[in-house]
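Here is how the chains run, residue by residue.
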Amino acid sequence: MSNESAIGVFDSGLGGLSAVRELKKLLPNENIIYFGDTGRVPYGSKSREIIRKYTAQDAKFLLSHGVKAILAACGTVSSNAMECIEAITDIPVFGVVEDAAREAYEASRTKRVGVIGTQATVNSGIFKRKIEERDAHAEVLQSACPLFVPLVEYGFTAEGDEITRLACERYLAPFRGEVDTLILGCTHFPILEKAISAALPGVTLINPASAAAKAMAKTLKEQDLLSAREKNGEIRYFVSDEPAHFAAEGKIFLGKDFEISAKKIEIDKF
Ligand code: DGL
């Protein structure tokens with residue numbers, strides 16, 4: 001492991017690419033290794049035990065590439081299994097909860113904050129806890145939006161998509177008039193930002209991937225772990241199922257200019 005080692009990022013599928021997009025803006029010269037566990041997505045409807053097992057395997061895969069830091073770009077992993085990564089490595093490890101909770105609290109005028117995420121994230125109650133630790137009088141309303149994950153994985157992301165609009169209406173109605181800030185507690189959700197905003201006009205949306213990328217950039221700088229490379233870093237993508245779908249849908253997150261070519265690996269070996 002050296003400063004020139006890559007940053008490791010993983011998610012159950014495409015969602016973590018929202019963190020890659022943010023990291024590319026902040027640290028364009030860093031190499032990134034991305035793993036999307038597309039063969040086992042979604043994580044959010046699985047038991048804590050399975051999420052923890054998958055997390056350890058995902059982290060071991062990234063560590064096998066000698067990464068210098070890991071970002072668990074997945075709300076489900078961040079809220080249920082961070083210790084499983086911290087137990088097997090000493091490198092800096094980041095999740096998507098801590099900084100998003102702080103940003104949401106600071107952004108909220110009324111201190112009434114909403115959280116959406118997968119079932120496993122909402123069950124963990126972690127965003128609620130983190131905000132209430134800051135302010136016992138803050139009110140946090142949470143709700144799971146499990147259908148958002150397959151909508152993203154299967155590309156129902158075009159502006160004005162009718163199915164996504166209806167899903168947003170159904171899931172987000174309970175937040176209307178109740179909160180002024182909403183944490184998109186799953187990294188798949190920022191890609192639905194416009195549809196979510198249309199269902200909750202005037203509500204400030206907090207993107208956990210961008211909060212985490214900022215925290216990671218800050219720590220790498222403080223710990224003198226940034227690369228001295230003077231040209232753009234490269235991104236290598238790995239998946240646990242058929243790569244073509246990932247490559248096509250990944251462009252929705254990263255933009256058409258990104259050439260995505262992913263390699264399939266056997267994650268069960270880790
Ligand atoms: N992107 C993930 C998250 O942030 C996982 C969604 C899933 O696999 O259910 O929670």
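Located above this text is the structure these notes cover.
Keep in mind that what you see is a predicted model, and the values were worked out from it rather than measured.

Definitions and cut-offs
- Residues numbered from 1 in each chain as written.
- Predicted model: local features only at pLDDT ≥ 70, side-chain atom pairs only at ≥ 80, totals over all residues.
- Heavy atoms only, no water.
- Axes fitted to C-alpha atoms, helices over the stretch in contact; angles between N-to-C directions.
- Helix = DSSP H or I, 4+ residues; strand = E, 2+ residues; numbered from the N terminus.
- Parallel < 35°, antiparallel > 145°, perpendicular 65-115°, else oblique.
- Left-handed = near helix turned anticlockwise from the far one by under 90°.
- Contact = heavy atoms within 4.5 Å.
- Pairing = 2+ DSSP bridges.

(A) The arrangement of the packing of helix α5 (residues 98–107) against helix α11 (residues 208–222) in detail. Here α5 crosses α11 at 110 degrees, and the two axes come no closer than 8 Å. Of the possible angle classes, the one that applies to α5 and α11 is roughly perpendicular. Every pair of crossing elements has a handedness; the one defined by α5 and α11 is right-handed. Residues D99, A100 and E103 of α5 touch α11, and the partners they reach there are P208, A211, K214 and A215.

(B) Just the sheet that holds strand β4 (residues 93–94), in detail. One open sheet holds the six strands; their spatial order is β4-β3-β1-β2-β9-β10, and the pairing between them is parallel. The open sheet terminates on both sides in strands that have one partner only, identified here as β4 and β10 (262–264). Relative to strand β2 (residues 32–36), strand β1 (residues 7–11) is paired through five bridges, and the arrangement is parallel. Bridging from a neighbouring strand, V9 pairs with Y34 of β2. Contacting β1, β2, β3 (69–72) and β9 (235–239), helix α1 (residues 17–26) runs over the sheet at an angle of about 170 degrees to β2. Across the sheet, helix α12 (residues 243–254) is in contact with β2, β9 and β10; its angle to β9 comes to roughly 130 degrees.

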